[in-house]
There are 2 protein chains.
Amino acid sequence: MGANNSRVAVAVHVLAYLAWRPGEPAASEAVARSVNTNPVVVRRIVGALRQAGLVTVQPGAGGGARLARDAGEITLLDVYRAVEGPQSLFRLHAQPPSACCGVGSQIGGVLEGVFCRASRAAQDALAQVTVADVFREVRSRGGAREPQPA
Amino acid sequence: MGANNSRVAVAVHVLAYLAWRPGEPAASEAVARSVNTNPVVVRRIVGALRQAGLVTVQPGAGGGARLARDAGEITLLDVYRAVEGPQSLFRLHAQPPSACCGVGSQIGGVLEGVFCRASRAAQDALAQVTVADVFREVRSRGGAREPQPA
DNA sequence: TGATTCGTAACTACTCTGGTTACAGTTGAG
DNA sequence: CTCAACTGTAACCAGAGTAGTTACGAATCA
């Protein structure tokens, strides 16, 4: 449930990429090469990160995106909220259940509470990891090569 | 991420419905009326619950589904696993990232660990709620009417 | 035998997702 | 000032997933 997409994964990838050389703007075309996708897909993700205040973007020649704050101050929950919004990780019925049935009339409210608690648990876990943590682990795992090899 | 569907909600609804009169088989047509959907949709969900051993189904006249064990012995994590399978709540990249880039070559493994922890946190929350809990709260909220009103 | 019910295939309509092209607007360098 | 680089965004496409629907064979009970 939730979104069934790869936006969070791509967004974290982008931010980890930007953490390599903080302060140096990275063009969407270069990031897209690392992510293995189209530059427009990267720009869409970066746009959401920008609206959330996680990155700044400079248009024009020599421009690109950079981290708006230290990588250690950006949690994966920040990233999740930036690209997924406030929606829950779980979905209720496609059509509202029968209001005439004792179960149907109440199940929605009950499930909402349960799903909210489960979503929060997952989000708490995401909040405990920062982009700096991800970046550090990437490097320690052997990802020591430059982001854009020759 | 995950599945972005309403199967878990419908499945819990079905089980709460069955908990109303344990031992009495409920036909997919009656359950569908409460869920406000098509009987085939209910049969598909019930089929998954049956394969997971959560309900038993009796075909033929007067048949239907009933709980395979006490409602207090069925957690929402059991239900989640029954209808969603073992997949994670979060997705990695649609296309594998560039293996040439230091970030791209390692980000997958790092994210896998993070996402696994977050998924487990949500599943732990689901494991702490049983169908009996849901049923109890439905009744206490005023869902005292019969499952199938006249 | 006949009515009831399940299991499943097949089909449709709808939505979401990622990918792609195209293009106007902004920016910095020369 | 001019030009190349880069962003932001619209528009469109193909593929996948979802819920809903009809249909029908098989199983079951009275």
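Not measured: the values here are computed from a predicted model.

**Q** Provide a residue-level description of the overall build of chain A, including the pertinent values.
**A** Counting secondary structure elements, chain A contains six helices and two strands. Secondary structure of chain A in N-to-C order comes out as α-α-α-β-β-α-α-α. For chain A, whose C-alpha radius of gyration is 19 Å, the value lies well above the compact-globule estimate of 15 Å for 150 residues. Principal-axis analysis of the C-alpha atoms gives chain A an extent of 65 × 30 × 25 Å. Within chain A, the fraction of its 150 residues that count as buried is 47%. At a minimum sequence separation of 6, the contacts of chain A that also span at least 24 residues come to 69%.

**Q** Would you mind going over helix H5 (residues 102-127) of chain A in detail, with residue names and values included?
**A** The end-to-end C-alpha separation of H5 of chain A is 38 Å, in line with the 38 Å expected for 26 residues at 1.5 Å each. Its maximal kink placed at Gly108 of chain A, H5 of chain A deviates by approximately 30°.

**Q** An account of the nonpolar core is requested, with residue identities and associated values reported.
**A** Residues Leu15 of chain A together with Leu15 of chain B are the most contacted members of the largest nonpolar core, which totals 98 residues. The dominant element in this core, judged by the number of residues it contributes, is helix H1 (residues 7-20) of chain A, at twelve residues. In this structure, Leu15 of chain A is in contact with Leu54, Leu67, Ile74, Val79 and Val131 of chain A, ignoring residues within four places of it in sequence.

**Q** Explain the packing of helix H6 (residues 131-140) of chain A against helix H5 (residues 102-127) of chain B to me, and be specific about the residues and the numbers.
**A** Two packed helices can be described by the angle between their axes and the distance between those axes. Two numbers describe how H6 of chain A lies on H5 of chain B: the axes approach to 9 Å, and their chain directions differ by 110°. The pairing of H6 of chain A with H5 of chain B is recorded here as roughly perpendicular in orientation. Our pair here, H6 of chain A against H5 of chain B, has a crossing hand that is right-handed. Side by side, H6 of chain A and H5 of chain B meet where Val134, Glu137 and Val138 of chain A of the first sit next to Gly102, Val103, Gln106, Ile107 and Val110 of chain B of the second.

**Q** Account for the protein's contact with DNA strand D, with residues named and values stated.
**A** Neighbouring residues of DNA strand D: 32 residues in total, closest Pro59 of chain A together with Asn5, Ser6, Thr37 and Gly60 of chain B. Of all elements in the fold, only helix H2 (28-35), helix H3 (39-51) and strand S2 (64-67) of chain A together with helix H3 (39-51) of chain B reach the threshold of two or more residues within the surface near DNA strand D. The element best represented in the surface near DNA strand D is H3 of chain A, accounting for six residues. Split into classes, the residues belonging to the surface near DNA strand D amount to 13 nonpolar, 14 polar and five charged.

**Q** Describe the protein's contact with DNA strand C, with residues and values.
**A** As a matter of local geometry, DNA strand C sits amid 32 residues, with Asn5, Ser6, Thr37 and Gly60 of chain A together with Ser28 of chain B nearest to it. Among the elements of the structure, H3 of chain A together with helix H2 (28-35), H3 and strand S2 (64-67) of chain B are those that each provide at least two residues to the surface near DNA strand C. Considering every element that reaches the surface near DNA strand C, the biggest residue donor is H3 of chain B, with six residues.

Cut-offs used in this document
Residues numbered from 1 in each chain as written. Chains lettered and ligands numbered in written order. Predicted model: local features only at pLDDT ≥ 70, side-chain atom pairs only at ≥ 80, totals over all residues. Helix = DSSP H or I, 4+ residues; strand = E, 2+ residues; numbered from the N terminus. Rg over C-alpha atoms; globule rule 2.2 N^0.38 Å. Buried ≥ 20, exposed ≤ 12 C-beta atoms within 10 Å, placed from the backbone. Contact = placed C-beta atoms within 7 Å. Expected span 1.5 Å × (residues − 1). Bend = angle between axes of the 7 residues up to and from the residue. Core = buried A, V, L, I, M, F, W, Y, C linked by C-beta atoms within 7 Å. Axes fitted to C-alpha atoms, helices over the stretch in contact; angles between N-to-C directions. Parallel < 35°, antiparallel > 145°, perpendicular 65-115°, else oblique. Left-handed = near helix turned anticlockwise from the far one by under 90°. Near = placed C-beta within 6 Å. Nonpolar A, V, L, I, M, F, W, Y, C, P; charged D, E, K, R; others polar.

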